[in-house]
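# Survey of secondary and tertiary structure
Residues per chain are reported as follows:
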Amino acid sequence: MSADLGAPTQTTGEPEAPDRTSVPAPREPVAAEGLAAPAAVARASDRGARIAAVAIALVWHVAIGLPAVLAARSEFAAPAVVVGAWVLVAVVGAVAGLRLLRGSPLPPWPLAGFFLVVDAAVFAAAGEGQLFTAANWVWGTLGWFFVLAVWGRRVVGLIALLSTHAVIALVAVLGHGADPTDVARYVMYVYGTFSLPVAVFVGSTAIVALARERAAVSAADHALAAERDAAERGRRDRRDRLALVSSAAGRVLGELADGKADPNDPEVQRRSVLAAARLRRLIAESDDVPDPLLHELRAAADLAERNGLPIDLVTIGNPPPLPVEIRRRLADPLTATLADAHGWARLTVVSGPNEVVVSLVTPDREGPEATGPPLAEHDGGQVEHLYERDGDIRWAQTRWRR
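F123, W137, F146, L158 and Y186 are the most contacted members of the largest nonpolar core, which totals 51 residues. With 25 residues, the next largest nonpolar core counts L297, A345, L360 and Y387 among its residues.

Pasting the structure below:
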């Protein structure tokens, strides 16, 4: 038989213990979220630092370098070279900054090589009179464009570029016949060229690392609190469910003890087997196994075999991770039918990534209908319960779809 028969859903029989709370999703999503949050915080911090670095480079180049270049353009040894290099760096720097903000920076070392070529050309074209003035804009500007070129890499690369810049400047100073005053000014300029870009570069890296660390600690604390709350809810849920299931078993035992129930009565036997199966499945829920649903169904099948019922359990595929409530709705109706089975039984589990179908076939006989919950909705998907009897066999099926 198959689900296409459209058999009616049965809801008669002994009431099922209600589920007041659902157990939360497995721990894997929590762990993934715990990794994603620090990464997102780090990306946000890094983006803020990138914006600051790009703004400093471009504003310094335009607000400080451009007025000085225009004011001294007639005093340069080669004005066209100095002004043309300024324009070229402005264009390339703007493109590099825009690409950096978009997360797709230009290749670092070709870009850095271009800036070093410009550096040497401007020092040669500025002339001796403008060597230590603001008009020689490469002193104050080029270090910030080095920062953009090697952003996200080790600080050693930035230090190497600034050191090369310092060597180019030293060659220019010595080439113009430097005196002790010029050497002192050179040392001062090199210090300023090194200190600010390196401080910003190292500081932004440290801030990003600190933000990532603090976000990771916070995410771990939230995940721990969520798991603790989930464990407490699960404990309360199992305690309430155990009380309800134990109450059903206690009623049967009380009736037997008071002589109100006959142990030979088939209905009393069915109620006893059903109560035992529910208790056994409740215990199996807490076992740490790869396939909880199959484990719980095997527990019910094992109890049926111990009561002398030959049963075949056939599994096809691997069930996806399912919440406890979904597993209960898949297993409980078939457990009730299995408790009333005689002769033989065949339990089949067919699983896929988006669907799980559990079917039970047993010989039909006179007696009450099997129990089972009605059609129910859950966050993890819909669970259907189908049941049919034709005088020869009983067929029950539960189906979950994502």
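Mapped onto the secondary structure, A90 falls in helix α2 (residues 79-101). With relative accessibility at 18%, the residue A90 sits in the buried group. Separated by 32 residues in sequence, A90 and L58 have C-alpha atoms that sit 7.4 Å apart.

Once that is clear, we can look at the confidence of the model for the protein. Taken as a whole, the protein shows an average pLDDT of 79; of its residues, 80% reach a score of 70 or greater. Highest mean pLDDT in the protein belongs to α2 (95); lowest belongs to strand β4 (residues 376-378) (45). Predicted confidence is poor over residues 370-380, with pLDDT under 50, and the contacts of this stretch with residues over four places away or in other chains come to 38 contacts.

A separate point is the packing of helix α8 (residues 292-306) against helix α9 (residues 324-339). α9 packs onto α8 with a crossing angle of 10 degrees between their chain directions and a minimal axis gap of 10 Å. As summarised for this structure, α8 and α9 are arranged roughly parallel, according to the angle between their axes. Our pair here, α8 against α9, has a crossing hand that is right-handed. The segment α8 lies against α9, with P292, L293, E296, L297, A300, A301 and A304 engaging R327, L330, A331, T335 and L338.

To continue, consider the pairing of strand β3 (residues 355-363). A large share of β3 lies buried, amounting to eight of its nine residues. Relative to β3, strand β2 (residues 345-351) runs antiparallel, the two sharing six bridges. Counterpart to V349 in the pairing with β3 is V358. Hairpin geometry of β2 and β3 is characterised by an intervening segment of three residues between the two adjacent antiparallel strands. Pairing analysis gives nine bridges linking β3 to strand β6 (residues 393-401), with the strands arranged antiparallel. Paired with T362 across the strands is R394, a residue of β6.

Here we take up a nonpolar patch on the surface. On the surface, a cluster of nonpolar side chains totalling about 230 Å² of accessible area is made up of V87, V91 and V95. Summarising the element assignment, V91 is placed in helix α2.

Our next topic: the packing of aromatic side chains. Per the counting criterion, the structure on display carries ten aromatic pairs. Their ring planes at 85 degrees and their centres at 5.2 Å tell us that F123 and W139 sit as a pair that is edge-to-face. Taken together, the positions of F123 in helix α3 (residues 108-126) and W139 in helix α4 (residues 138-149) put the pair 16 residues apart, joining distant regions of the chain. Grouping residues by exposure puts F123 and W139 together as buried. Centre to centre, the rings of W151 and F201 are 6.0 Å apart; their planes meet at 80 degrees, and the pair counts as edge-to-face. Highlighted residues: W151 in the loop between α4 and α5 (155-175) and F201 in helix α6 (residues 180-257), separated in sequence by 50 residues. The burial state of W151 is the same as that of F201; both residues are buried.

Calculation notes
- Residues numbered from 1 in each chain as written.
- Predicted model: local features only at pLDDT ≥ 70, side-chain atom pairs only at ≥ 80, totals over all residues.
- Heavy atoms only, no water.
- Core = buried A, V, L, I, M, F, W, Y, C linked by side-chain atoms within 4.5 Å.
- Buried < 20%, exposed > 50% of the residue type's maximum accessible area, 1.4 Å probe, protein only.
- Helix = DSSP H or I, 4+ residues; strand = E, 2+ residues; numbered from the N terminus.
- pLDDT = per-residue confidence, 0-100.
- Contact = heavy atoms within 4.5 Å.
- Axes fitted to C-alpha atoms, helices over the stretch in contact; angles between N-to-C directions.
- Parallel < 35°, antiparallel > 145°, perpendicular 65-115°, else oblique.
- Left-handed = near helix turned anticlockwise from the far one by under 90°.
- Pairing = 2+ DSSP bridges.
- Patch = residues over 30% accessible without salt bridge, like charges linked within 9 Å, V, L, I, M, F, W, Y side chains within 5 Å.
- Areas by Shrake-Rupley, 256 points an atom, 1.4 Å probe, with all protein chains shown as cover.
- Salt bridge = Lys/Arg side-chain N within 4 Å of Asp/Glu carboxyl O.
- Phe/Tyr/Trp six-rings, centres within 6.5 Å; stacked < 30°, edge-to-face > 60°.

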